[in-house]
Amino acid sequence: MKLTPEEINFFKEEGYLIKRKVMDEALMAKARDRLWDNKPLELDRNKPETWVGPIKAYKGKIDVKGDKSRDPIGKGNDGQNFRWQFRSIGDEDWIVRMLATDPSIWGMAEQVLGVGEVQSPDRIRGIYCTLPEGDIPLQPHRCHTDAHAFHLGVVGYIDDVPPDGGGFIVWPQSHRIFYYAYQTQHGNDHADQYDECIEKFNQLPYVECHGEAGDIVFWHHRLAHTAGHNRLRVIRKAVLYDFRRVDLEEKMKEPPCEDMWRDWPGVQQSDTVSKVI
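Each chain has its residues counted from 1, following the order in which its sequence is written. Since the coordinates come from a predicted model, pLDDT governs what is reported: local features require at least 70, and pairs of side-chain atoms require 80 or more to be given and counted, while whole-chain, interface and lining totals use all residues. With hydrogens and water excluded, all non-hydrogen atoms of the structure serve as input to the side-chain values.

(A) The confidence of the model for the protein, seen in detail. Scored by pLDDT, the protein comes out at a mean of 91, with 91% of its residues at no less than 70. Scored below 50 in pLDDT, residues 58–74 shows 37 contacts in the model against residues more than four places distant or in partner chains. The predictor reports its confidence for every residue as pLDDT, a score running from 0 up to 100. Any two residues having at least one pair of non-hydrogen atoms within 4.5 Å are treated as being in contact.

Printed below as a string of structure tokens:
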């Protein structure tokens, strides 16, 4: 699977790109099973009514209904409110292969960042879940940008994520604004206009990236985004990884380039010339 010139242009202009049916079905099934084998005590795989949050948290471990009993999931697998994050699984070879080093996904990352220029991964972030919100009042989506240093993010769905089911939310074209709202290319050092940019995009339309098991979303590291609210009776199950070029450390503290695609050889050559919103 390759990125077409049209897809690269779309990514350059909009800051994200959805690819359908990419991840391996057998590995996704294994990921779902491992997730449920390490669930918080109050959740039952066969009883969707138990999936509705919020859940309580205690120092990285679930505090089940306030009774101080502890679930067995331990460090690297915790939850709070409507989030459940199974991180400790992220360094297992098979799950790294499912998302980061899958030949198609790795090949597409190298298409935009350069063949031989991408760091080899030793882990992914893990499995991030968004629990159903039930009947609580719907809150507005508020955007943010990530603090850690990387180039190309990828979110993969290991189970179906219908509309309003907690999908990855993005603000198109925001990467072309937020890239210059930092003092450096990859550092977490906001420039003076950062807060103003956040408020601007919070008032603009966003895109909910819903899809089916196996779909992935590529996104630029300065793209405004958030996890969507889950208004359904499903659990949003996603895996995440951050692709980095091998020269990230030496360049991360450089100021933003006039050409923000300087270190993206596969994108730099595209011909997008659209006006920024």
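(B) View of empty space enclosed by the protein. We place a 1 Å grid over just the protein atoms. Points where a 1.4 Å probe fits but has no way out form a cavity, open points with protein on both sides within 12 Å along at least 5 of 7 lines form a pocket, and any residue with an atom within 4 Å of a point lines it. Grid points are joined across faces, edges and corners, and a volume is the space filled by probe spheres set on the points. Applying the stated criterion to the full structure yields two cavities of 30 Å³ or more. Taken together, L3, F11, L17, M108, A109, V112, L152 and F218 make up the full set of residues lining the largest cavity. Put simply, DSSP marks the helices as runs of H or I at least four residues long and the strands as runs of E at least two long, and each gets a number from the N terminus on. Broken down by element, the residue count for the lining of the largest cavity peaks at three residues, all from helix α4 (residues 103–113). Estimates place the volume of the second largest cavity at around 40 Å³. Taken together, H151, Y179, Q185, H186, H220, H221, M260, D263 and W264 form the lining of the second largest cavity. Put simply, Ala, Val, Leu, Ile, Met, Phe, Trp, Tyr, Cys and Pro go in the nonpolar bin, Asp, Glu, Lys and Arg in the charged bin, and everything else, Gly too, in the polar bin. Broken down by class, the residue content of the lining of the second largest cavity amounts to three nonpolar, five polar and one charged.

(C) Seen up close, the pattern of salt bridges. For this analysis, a salt bridge means a side-chain nitrogen from Lys or Arg found within 4 Å of a carboxyl oxygen belonging to Asp or Glu. Within this structure, the stated rule accounts for 16 salt bridges. Of the charged contacts, one joins K21 and E212 as a salt bridge, the two residues approaching to 3.2 Å between their closest N and O atoms. One end of the pair, K21, is in the loop between β1 (16–19) and α2 (25–37); the other, E212, is in the loop between β9 (207–209) and β10 (216–220), with 191 residues separating them in the sequence. Note on exposure labels: buried denotes an accessible area under 20% of the residue type's maximum, exposed denotes more than 50%, and partly exposed covers the range between, all computed with a 1.4 Å probe on protein chains only. Look at E212 and you get partly exposed, because its relative accessible area is 42%. In this structure, R34 and E92 form a salt bridge, with 2.7 Å as the shortest nitrogen-oxygen distance.

(D) Structural detail: helix α1 (residues 5–14). Counted residue by residue, α1 has seven buried out of 10 residues, so it is predominantly covered. The inward-facing, buried residues of α1 contact β1, α4, β7 (152–157), α5 (175–178), β10 and α8 (265–268). Positive backbone phi, approximately 90 degrees, marks G15, located one or two places after α1.

(E) Here's a closer look at the pairing of strand β4 (residues 77–80). At least two DSSP bridges between two strands are needed for those strands to be called paired. Where β4 meets strand β5 (residues 83–86), four bridges bridge the pair, whose relative direction is antiparallel. Its bridge partner lying in β5, Q80 is registered against R83. Joining the antiparallel neighbours β4 and β5 is a turn of two residues, in which N81 adopts a positive phi near 60 degrees.

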